[in-house]
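# Observations on the three-dimensional arrangement
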Amino acid sequence: MKVLRIIPERCTGCMRCELACSYVQTGTFQPARSVIRVAPFEAHTSYAPYTCPQCAEGWCMTACPVGAITISPVGAKIVLDDQCVGCKLCTIACPYGTIFYNPETQKAFKCDLCGGAPACAEACPTSAIEYVEAETGDWLGVFAATRAARHHEMQVAGAEVG
Amino acid sequence: MATRHVIVGGGTAGLNAIRTIRAYDRGESEVILVSAERPYSRMVLPYYLGRGIAESHVFTATPAHLAQLQVQAHLGRRAASLDTAANCLTLDDGTRIEYDDLLIATGSSAVKAPVPGADSPGVHSFWTLEQARGVVAAIREGSHVVLVGAGFIAFTILNAILALKAKLTIVEIAPQLLPRMIDRTGAEMVEKWLRRHGVAIRTGATLTAIEEAEGRRRLRFREGEDLLADVVLMATGIRTNLEWLNGSAVRVNRGIVVDDHLRSSVGNVYAAGDVAEGLDLVTGQPAVHAIEPTAMEHGRVAGANMAGQDLAYRGSLLMNIVEVCHLDIASFGAWDDPTAEAVAAARPDRWAYRKLLWKGDRLIGAMILGMANDIWTTNDVGMLKGLVQAGNGLGAWKAHLRRHPFDIKPAFIASGTTARLLPETILGRPSVPVGQVM
Ligand SMILES: Cc1cc2nc3c(=O)[nH]c(=O)nc-3n(C[C@H](O)[C@H](O)[C@H](O)COP(=O)(O)OP(=O)(O)OC[C@H]3O[C@@H](n4cnc5c(N)ncnc54)[C@H](O)[C@@H]3O)c2cc1C
Ligand code: SF4
Ligand code: SF4
């Protein structure tokens, strides 16, 4: 299946993916409703987008008491709005923190890969997000760990100099 | 002859077992379901009470679904006794059903506080669909509802009662709200929040009797004033539905003792859900969780093993989340382990509070309070659960989380927790959605 591959080294933190995502998902530009989130690292000197990896277990899907989460034709776990009762069990079951709850509609919402044409990947000017045939993966772990280590070293060095 | 699986109880655990058996064998075996009630989800009942959904929405399988899954269903029938030597189950109407293997998934029932008047009209439990119907008929706009017990289940119906524009008073025998879900500090915050939303609260209140008072109920307490109620809801605890196993060879402790294959002391008898005392993922000790996700996972693992797999279960993670008047309250894992190192932080202006519990550099539990519209609350609930579930040592990130308990994401991502979690599945293969089983 095609997945969102994230290449964090390319991310400049411009947030266009968040805007594009919220626009496609809700019809308005409200990054708070985006299901891809740009996370800052190294004290806001580097960034990387983070979203649902469409994990194999689908903890959100198996936890749902009413079967309101299913797998779409493109392989995304998707919330069926007319089935969701808003119990939030999926938000605590997903161990990646990538399914959300909208208090206005009282429904859960998450990345649905825009039905096979993800807006985030299209909007990213540096191709930090690609929609490609691949195994899903931990795209950010090593990047974030090195950035954090570097930041830590600089802080220590800074403390020694200062 | 085809293998015959008998499932006793058509709730969350039973249905998940049936679907899993069918996901493996596509209809080759014989599956018989015996259930006192039609399959529905108890945890969805509060949304029916609040009129958010129609009654029909609570059902998890209609007779047509069961037929499609090739399940022979005895609905409205109870298991009455089990003869494990003869591999035979007897129902309350005398019907005898022989089995190759059997799953016990009979769940629990509500227990009322043992006070005079607890069984009089106008005093309800809220556990079954039948009881929910009674409560739906009883509460009207302006009714004074007294909720006895302020545990998790009571909290799941709180929003619904308020949505019906009823007046609500909560009475709790313990000195705090949600005594088995959050700590004292969190409970005080929740109490303040609820009072602000017009809910009256009496903690440390021991109910002694319920009397008839001209069509209303008078609640008497050991100390303090009486309360007059139109509707009394008792959410004072549950007990497992195991009385029908009396005299059988199945070993019962706090629940049915099961191994990592969800097998009981009798090799071809499995148990799952509220009735099972299975492994707790965090403590590694046997525990009865009585929560939906545990029932679901138990049911699936038992189903897989009944279908001939050899599947060991890693154990269940205790987790609860409930929203009251747009305040999220969640806890999971060993959130109240007194031997753990606990770090708490509050942001009272944002009604945010959290507590992280550590064993060395591993997170073993957490408690989290926050506004439902604060998007970071949901985000963090999931990631904290992920950190507890993965159980990996967090090294230097522990110091980060101690200093910044509201900044979970960098620690989650940089600790490589995603990479640890991605290969994890309950059945050792990708999950199948409910609607795509057969
Ligand atoms: C109002 C409410 C809200 C809840 N909210 C949550 C929540 O938010 N999160 C959460 O994790 N959990 C919640 N729960 C708990 C959750 O519903 C249970 O943990 C879950 O249903 C357990 O599943 P089970 O399959 O073990 O048992 P059940 O779902 O109780 O199913 C047991 C089945 O067995 C049948 N049965 C009983 N005795 C017999 C017999 N002798 N013979 C044949 N059949 C029998 C019953 O009729 C029933 O169909 C809530 C429960 C209630 C009542
Ligand atoms: S919030 Fe909706 S999708 Fe999530 S578990 Fe509850 S019913 Fe299912
Ligand atoms: S939202 Fe979470 S549990 Fe659901 S598919 Fe995505 S990563 Fe998996």
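Residues numbered from 1 in each chain as written. Chains lettered and ligands numbered in written order. Predicted model: local features only at pLDDT ≥ 70, side-chain atom pairs only at ≥ 80, totals over all residues. Heavy atoms only, no water.

### Focus on the environment of Glu 191 of chain B
All names here are of chain B. Structurally, the position occupied by Glu 191 is in helix H6 (residues 184-196). Given the relative accessible area of 16%, Glu 191 is considered buried. The sequence separation of Glu 191 and Ile 368 amounts to 177 residues, and the corresponding C-alpha distance is 15 Å. If near-sequence neighbours (up to four positions away) are discounted, Glu 191 is found in contact with Leu 177, Ile 201 and Thr 203. (Helix = DSSP H or I, 4+ residues; strand = E, 2+ residues; numbered from the N terminus. Buried < 20%, exposed > 50% of the residue type's maximum accessible area, 1.4 Å probe, protein only. Contact = heavy atoms within 4.5 Å.)

### Some words on the site of ligand 3
In the vicinity of ligand 3, the contacting residues are Cys 52, Pro 53, Gln 54, Cys 55, Trp 59, Cys 60, Lys 77, Cys 94, Tyr 96, Thr 98, Ile 99 and Lys 110 of chain A. Residue composition of the shell around ligand 3, by class: eight nonpolar, two polar and two charged. (Near = heavy atom within 4 Å. Nonpolar A, V, L, I, M, F, W, Y, C, P; charged D, E, K, R; others polar.)

### Notes on the side chain of Asn 392 of chain B
Residues and elements named next belong to chain B. Structurally, Asn 392 can be placed in the loop between helix H8 (375-390) and helix H9 (397-403). Looking at Asn 392, its side chain comes within polar contact range of the side chain of Thr 417, at 3.2 Å. When neighbours within four sequence positions are excluded, Asn 392 is seen to be in contact with Asp 361, Arg 362, Leu 387, Ser 415, Thr 417 and Arg 420. (Polar contact = N/O pair within 3.5 Å; in protein donor to acceptor, adjacent residues only side chain to side chain.)

### Some remarks on the sheet that holds strand E11 (residues 167-172) of chain B
Residues and elements named next belong to chain B. With parallel pairing, the five strands of this open sheet are ordered in space as E9-E16-E10-E11-E12. Every interior strand has two partners, whereas the edge strands, strand E9 (123-125) and strand E12 (200-203), have only one. Strand-to-strand twist in this sheet, taken as the mean axis angle between neighbours without regard to direction, amounts to 20°. Across four bridges, the pairing between strand E10 (residues 144-148) and strand E16 (residues 231-234) is parallel. Across the sheet, the residue bridging to Leu 147 is Leu 233, located in E16. Contacting E9 and E16, helix H4 (residues 129-138) runs over the sheet at an angle of about 135° to E9. (Pairing = 2+ DSSP bridges. Axes fitted to C-alpha atoms, helices over the stretch in contact; angles between N-to-C directions.)

### So, empty space enclosed by the protein
By rolling a water-sized probe across the atoms, one finds the places where empty space is left. According to the stated counting rule, one finds eight cavities of 30 Å³ or more in the structure shown. Split by residue class, the lining of the largest cavity holds ten nonpolar, five polar and one charged. (1 Å grid on protein atoms, 1.4 Å probe; cavity = no way out; pocket = protein on both sides within 12 Å on 5 of 7 lines; lining within 4 Å. Points joined across faces, edges and corners; volume = space filled by probe spheres on them.)

### Let's talk about the pattern of salt bridges
Residue and element names in this part refer to chain B. This structure, assessed with the given rule, holds 31 salt bridges over all chains. In this structure, the salt-bridge partner of Lys 355 is Asp 183, at a minimum N-O distance of 2.9 Å. Taken together, the residues Lys 355 in strand E25 (residues 352-359) and Asp 183 in the loop between E11 and H6 connect sequence positions 172 residues apart. Taken individually, Lys 355 and Asp 183 each receive the classification buried, so the pair is uniform in this respect. Through salt bridges with shared partners, a single network forms among Glu 211, Arg 218, Arg 220 and Asp 226. (Salt bridge = Lys/Arg side-chain N within 4 Å of Asp/Glu carboxyl O.)

### What to know about the domain arrangement of chain A
Residue and element names in this part refer to chain A. The domains assigned to chain A are domain 1 (1-51 + 111-162) and domain 2 (54-110). A C-alpha centroid distance of 22 Å is found between domain 1 and domain 2. Taken together, the contact pairs 14 residues of domain 1 with 14 residues of domain 2. If you look at where domain 1 meets domain 2, you find one salt bridge. (Domains from an automatic or database assignment.)

### Remarks on the site of ligand 2
Close contacts around ligand 2 come from Cys 64, Pro 65, Val 66, Ile 69, Cys 84, Val 85, Gly 86, Cys 87, Lys 88, Cys 90 and Ala 108 of chain A, and that covers them all. Its residues assigned to classes, the shell around ligand 2 comprises nine nonpolar, one polar and one charged.

### Some thoughts on the nonpolar core
Ile 104, Phe 155 and Leu 194 of chain B are the most contacted members of the largest nonpolar core, which has 160 residues in total. A total of seven residues in this core trace back to one element, the largest contributor, which is helix H1 (residues 12-25) of chain B. Every residue in contact with Ile 104 of chain B, bar those within four places of it in the chain, is listed here: Val 8, Leu 82, Leu 242, Trp 244, Leu 245, Val 250, Ile 256, Val 269, Tyr 270, Ala 271, Ala 272 and Val 275 of chain B. Counting 20 residues, the second-largest nonpolar core is a separate cluster that includes Cys 17, Val 38, Phe 109 and Tyr 131 of chain A. (Core = buried A, V, L, I, M, F, W, Y, C linked by side-chain atoms within 4.5 Å.)

### Focus: the domain arrangement of chain B
Residue and element names in this part refer to chain B. Assigned domains of chain B: these are domain 1 (4-109 + 239-306), domain 2 (123-236) and domain 3 (326-421). Distance from the C-alpha centre of domain 1 to the C-alpha centre of domain 2: 31 Å. Both sides together, the interface formed by domain 1 and domain 2 hides about 1300 Å², and carbon and sulfur atoms give 73% of it. Our enumeration of links across domain 1 and domain 2 arrives at one salt bridge. (Buried area = accessible area lost by both parts, 1.4 Å probe.)

### Looking at the environment of Val 231 of chain B
All names here are of chain B. Here Val 231 lies in strand E16. Considering only alpha carbons, one finds Val 231 and Val 31, 200 residues apart in sequence, at a separation of 42 Å. For Val 231, the residues in contact, after removing those within four places along its chain, are Gly 122, His 124, Ala 138, Ile 139, His 144, Val 145 and Val 146.

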